[in-house]
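The lines below spell out each chain.
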Amino acid sequence: MYKKNRIDIISMGCSKNLIDSERLIRQLAAKGYEVVHDSDNVCGEYVVVNTCGFIADAKEESISAILDLSELKEEGKINKIIVMGCLSQRYMDELKEEMPEVDVWYGKFDWKNFIQTLPDRTAEKETPKSWERTLTTPPHSAYLKISEGCNRFCAFCAIPIITGRHTSRPIEEILEETSQLVKEGVKEFNVIAQDLSSYGTDLYGRHALAELVERMAQTEGVEWIRLHYAYPSDFPMDLLPVMAKYDNVCKYLDIALQHISDKVLDNMRRHINKKQTLNLLEEIRKQVPGIRIRTTLMTGFPGEGENEFDELVDFVKTQRFDRMGAFAYCEEDDTFAAKNLEDMIPEGIKQKRLDKIMRLQEDISLELNEAMIGSVQKVLIDRIEGDSAFGRTQYDSPEVDPEVIINDNSLIPGEFVNVRITEAYPFELIGEIVD
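Presented here is an overview of the structure given in this document.

Reading the values: the criteria
Residues numbered from 1 in each chain as written. Predicted model: local features only at pLDDT ≥ 70, side-chain atom pairs only at ≥ 80, totals over all residues. Heavy atoms only, no water. Helix = DSSP H or I, 4+ residues; strand = E, 2+ residues; numbered from the N terminus. Rg over C-alpha atoms; globule rule 2.2 N^0.38 Å. Buried < 20%, exposed > 50% of the residue type's maximum accessible area, 1.4 Å probe, protein only. Pairing = 2+ DSSP bridges. 1 Å grid on protein atoms, 1.4 Å probe; cavity = no way out; pocket = protein on both sides within 12 Å on 5 of 7 lines; lining within 4 Å. Points joined across faces, edges and corners; volume = space filled by probe spheres on them. Nonpolar A, V, L, I, M, F, W, Y, C, P; charged D, E, K, R; others polar. Polar contact = N/O pair within 3.5 Å; in protein donor to acceptor, adjacent residues only side chain to side chain. Contact = heavy atoms within 4.5 Å. Core = buried A, V, L, I, M, F, W, Y, C linked by side-chain atoms within 4.5 Å. Phe/Tyr/Trp six-rings, centres within 6.5 Å; stacked < 30°, edge-to-face > 60°. Lys NZ or Arg CZ within 6 Å of the ring centre and 35° of its normal. Expected span 1.5 Å × (residues − 1).

If you tally the helices and strands in the protein chain, you get 14 helices and 18 strands. Scaling as 2.2 N^0.38, a compact globule of 435 residues should have a C-alpha radius of gyration of about 22 Å, and the protein chain matches this with 22 Å. By principal-axis analysis of the C-alpha atoms, the protein chain measures approximately 60 × 60 × 45 Å. Residues counted as buried form 54% of the 435 residues belonging to the protein chain.

Written out as structure tokens, the structure is:
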């Protein structure tokens, strides 16, 4: 039997979605509901699924989660299913027909209407601000979303279709949220957006990322700022001196490059060519010494012949990215590529190419990690498991980058410690505390 006045939140997909879930949790809790996030025992009167609709695997995962909940509803273990997020934003009409067991559908931006439909269970009068949230990450670390949407319209990407045009949050609001999170114990801020590079252009008529990062860096209690999802075209170069100047701005940049062949970049509608990409990478490394760059690449996009793929392989070899992810091209509904480019490359070839560059990257990662042996790194402890502590350096983002493992379970999550690296593997480091 379901538990009255309890609301389960199931969050799918990316960290940007997670922030929406955290805001929803805060709003619902203010109305007096017991709210549980990603529970192993879903039993709420309401269950909210915050879906992802970015790529095929994510869509399937979201649909599978809804179907599993439908079974629980039939068994009387939950009462109502509420669906929100990117998948329902994009496919609302089709999903309503195919999944009548869902009680209410919302998109990515109208989910606050769900809050208004629920009766108050508390006498609390103060309504949380729109940006206030209940963190589901470790209390010392938070994602900070500074904008929504994207104006780039790359040929392969459905994000602008789902999220709409790029919309920046005001600097003052972001700084207010930052200060509040510091009061709650947050030390690490992982700044995220669909397009970090365009921050401020819609609000202020200019790039404002450098100003925002500098003012965040000057905020007392902000220990680490890490930047995610910059776009290479029209990159805000004034950011680089700020990154170099402030010790609490991590020497880390996540910038998705996708490819290096001029032919493929043109087909992708990436607004940048090979020479410009190489010049940008050179300038970033020149102005921010010691920076670690994370990127994402794609294999098998229309127009990628053997010569173009060889260019990509050479690019990976010569650039020696510190962190790299990759995926094989998958056609997305309603994108420019789906409508205008014929996908001629067999799936097996796409996967073979993907496997090749990821094996290459594994070797590079191992060599780069081995070069850290003997160095002393500032490490933020995330968690304790058994006899070991797990943490990260400034060069490592949560969940996607290598961890530092320390054989010491007396450490405290959220504290910074100095660690000498003693062993290295492709995707993890081993270290010991240095007094």
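Okay, unusual backbone geometry next. Even without glycine at this site, aspartate 234 takes up a positive phi of about 55°. Looking at where aspartate 234 falls in the secondary structure, it is placed in the loop between β10 (224-230) and α9 (239-245). Despite not being glycine, aspartate 334 shows a phi value in the positive range, around 70°. If you trace the backbone, aspartate 334 turns up in the loop between β13 (323-328) and α13 (336-340).

Before going further, it helps to spend a moment on the pairing of strand β14 (residues 376-385). Bridge analysis of β14 against strand β17 (residues 416-425) gives 5 bridges, and the strand direction is antiparallel. Residue pairing across strands places glutamine 377 opposite valine 419, the latter belonging to β17. Direction of pairing for β14 relative to strand β15 (residues 388-392): antiparallel, over a ladder of 5 bridges. Residue isoleucine 384 lies in a different strand from β15, and its bridge partner there is alanine 389. Between the antiparallel neighbours β14 and β15 lie 2 residues, among them glycine 386 with a positive phi of about 60°.

In this structure, the second largest pocket encloses a volume near 340 Å³. When residues of the lining of the second largest pocket are traced back to their parent elements, those giving at least two are α1 (15-30), β7 (147-148) and β8 (167-168). Each residue belonging to the lining of the second largest pocket can be placed in one class, and the counts come to 3 nonpolar, 4 polar and 8 charged.

Turning our eyes to something else, we now look at the side chain of lysine 108. Looking at the element boundaries, lysine 108 is found in the loop between β5 (104-105) and α4 (112-117). Separated by 3.2 Å, the side chains of lysine 108 and aspartate 20 make a polar contact. Apart from residues lying up to four places away in sequence, lysine 108 is in contact with Asn17, Asp20, Gly85, Cys86, Gln89, Glu148 and Thr163.

Side chains that are nonpolar tend, in soluble globular proteins, to be buried together. Residues Ile146 and Leu227 are the most contacted members of the largest nonpolar core, which totals 53 residues. Considering every element that reaches this core, the biggest residue donor is helix α8 (residues 209-217), with 6 residues. The contact partners of isoleucine 146, leaving out residues within four places of it in the chain, are Ser168, Arg169, Ile174, Val191, Ile192, Ala193, Leu196, Tyr199, Leu209 and Leu212. The next biggest cluster of nonpolar side chains, apart from the first, holds 20 residues, and it includes Met12, Leu69, Leu95 and Met99.

Right, let's get into the packing of aromatic side chains. For any pair of aromatic rings, geometry is given as the distance between the ring centres together with the angle between the planes. Under the criterion given, the structure shown has 6 aromatic pairs. Judged by centre distance (4.8 Å) and plane angle (75°), the rings of phenylalanine 301 and tyrosine 329 are edge-to-face. Here tyrosine 329 lies in the loop between β13 and α13 and phenylalanine 301 lies in the loop between β12 (292-299) and α12 (306-319), a separation of 28 residues in the sequence. The pair formed by phenylalanine 301 and tyrosine 329 is uniform in burial state, with each residue classed as buried. A centroid spacing of 5.4 Å and a plane angle of 70° characterise the contact between phenylalanine 315 and phenylalanine 321, whose relative ring orientation is edge-to-face. The residues phenylalanine 315 and phenylalanine 321 share a single accessibility class, namely buried. One aromatic cluster in this structure is built from Tyr46, Tyr106 and Phe114. In this structure, arginine 269 packs its charged tip against the face of phenylalanine 336, placed 3.9 Å from the ring centre. Positioned over the ring face of tyrosine 395 is arginine 292, at 3.7 Å from the centre of the ring.

Let us now look at α1. Across its 16 residues, α1 extends 23 Å between first and last C-alpha, which sits within 8% of the 22 Å expected from 1.5 Å per residue. With 14 of its 16 residues buried, α1 lies for the most part within the structure. Just downstream of α1 lies glycine 32, where phi reads positive at about 95°.

Turning our eyes to something else, we now look at the environment of leucine 411. Note that leucine 411 resides in the loop between β16 (403-406) and β17. Taking the C-alpha atoms as reference points, leucine 411 and methionine 268, separated by 143 residues in sequence, lie 47 Å from one another. Apart from the residues lying within four places of it in its own chain, the contact partners of leucine 411 are Ile381, Ile384, Ala389, Ile406, Val417 and Ile433.

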